[in-house]
Amino acid sequence: MKAALDVTVVGVGNMGGAMAAHLLEQGWPVQVCDLDHAKTQSLESLGAVALVLPSQAAMNCELLIVCVVDAQQTEEVLFGAGGVTETLQPGRAVMLCPTMAPEDTENFARRLSARGIHTIDAPMSGGPARARDGSMSLMVACPDAVFARYGALISALSSKVFRISERVGDGARTKLVNNLLAGINLVGAAEALAMADHMGLDLTRTMDVIEQSSGQSWIGSDRMRRAIEHDYAPRAHMTLLEKDTRLAVQAARAAGFTGPLGAAARDVFAQASAAGLAGLDDAALLQWLEGDKA
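Residues numbered from 1 in each chain as written. Predicted model: local features only at pLDDT ≥ 70, side-chain atom pairs only at ≥ 80, totals over all residues. Heavy atoms only, no water.

### Some words on unusual backbone geometry
Our working definition: Helical segments are the DSSP runs of H or I of at least four residues, strand segments are the runs of E of at least two, and each set is numbered from the N terminus. Using a 1.4 Å probe on the protein chains alone, a residue whose accessible area is under 20% of its type maximum counts as buried, one over 50% counts as exposed, and one in between counts as partly exposed.
A positive phi angle, near 55°, is found at His230, a position not held by glycine. Residue placement: His230 occurs in the loop between helix H10 (218-228) and helix H11 (238-254). Since its relative accessible area comes to 63%, His230 is described here as exposed.

What follows is the structure, encoded as structure tokens:
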């Protein structure tokens, strides 16, 4: 059955494309927009309507989902030439899914509110496979009335919706807390596997032990299993956790907190990216820590 709410997804890369495909599979009418037209064309075969500019995609939608990389791209999508706010009508809503500094999310929300447009602060976590099957996490912060209005769509996107608060920006804060821990866990997992390698241990058997013992983490298992197979095709580029850990440390300091591990993890991702691994999957952290920077 066709859903009543017309949805637009701007930015249909790994996560946005998976989200759009999931909604289409459930019968939602979806428009898509991306600078890479090959990405929108692949979704047309599933029933999406592909448009060139965000302003075109916003013209006939009730909820517009922004699923780009960062605050700079979000600025262009919302307020740049051909941006969303040229055509999105008052009373509609924008869902912000990128990982951003809380102050950026709050700034966008203020500017959208001045135009009568609601903001749903809803960063996501879990990777493309979980976005595709609807099991990713969404950390949602927005007024209760807005959440009630768009609750069916939010539930369709994810079976793991966390209602954070009514304060826009708290979704962004929660995502940075989560991603800082993810970064710390991934650095730890890669360091442990590099250590095991130098000790002459079989890495697959070592991971078997870790996954059934106290050292287990989801991101460690996901990334290190790929790294053992030398599979560094990018699902989550190294630059993403470089950005996210940097933003998380900044947010912590703004709140008056400094911890012992966050800055260390941030520096590892920055150094690995600078060493030439920026375009690889963040599983390549193992390769870098083993000393093979080629």
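### Observations concerning the nonpolar core
Condition: To define a nonpolar core, start from buried Ala, Val, Leu, Ile, Met, Phe, Trp, Tyr and Cys residues and group those joined through side-chain atoms within 4.5 Å. It only takes one pair of heavy atoms within 4.5 Å for two residues to be counted as in contact.
Ile65, Met95, Ile120 and Leu153 are the most contacted members of the largest nonpolar core, which has 36 residues in total. Where this core is concerned, the elements lending two or more residues are strand S1 (7-10), helix H1 (14-25), strand S2 (30-33), strand S4 (63-66), strand S5 (93-96), strand S8 (137-141) and helix H7 (144-157). Those residues in contact with Ile120, other than ones at most four positions away along the chain, are Leu63, Ala93, Val94, Met95, Leu96, Val140, Ala141, Cys142, Val146, Tyr150 and Ile154.

### So, the environment of Gly279
Tracing the sequence through the fold places Gly279 in the loop between helix H12 (262-277) and helix H13 (285-289). A relative accessible area of 44% places Gly279 in the partly exposed class. Expressed as a C-alpha distance, the spacing of Gly279 and Gly27, which sit 252 residues apart in the sequence, is 35 Å.

### Side note on the pattern of salt bridges
Quick note on the threshold: Salt bridges are counted wherever a side-chain nitrogen of Lys or Arg sits within 4 Å of a carboxyl oxygen of Asp or Glu.
Inspection of every chain in the model, using the stated rule, returns 15 salt bridges. Between Asp231 and Arg235 there is a salt bridge whose closest N-O contact spans 2.7 Å. Its relative accessible area of 33% is what places Arg235 among the partly exposed residues. Salt bridges here are not isolated pairs; linked through shared partners, they connect Asp222, Arg223, Arg226, Asp281 and Asp282.

Read these as spatial facts, not as claims about activity.
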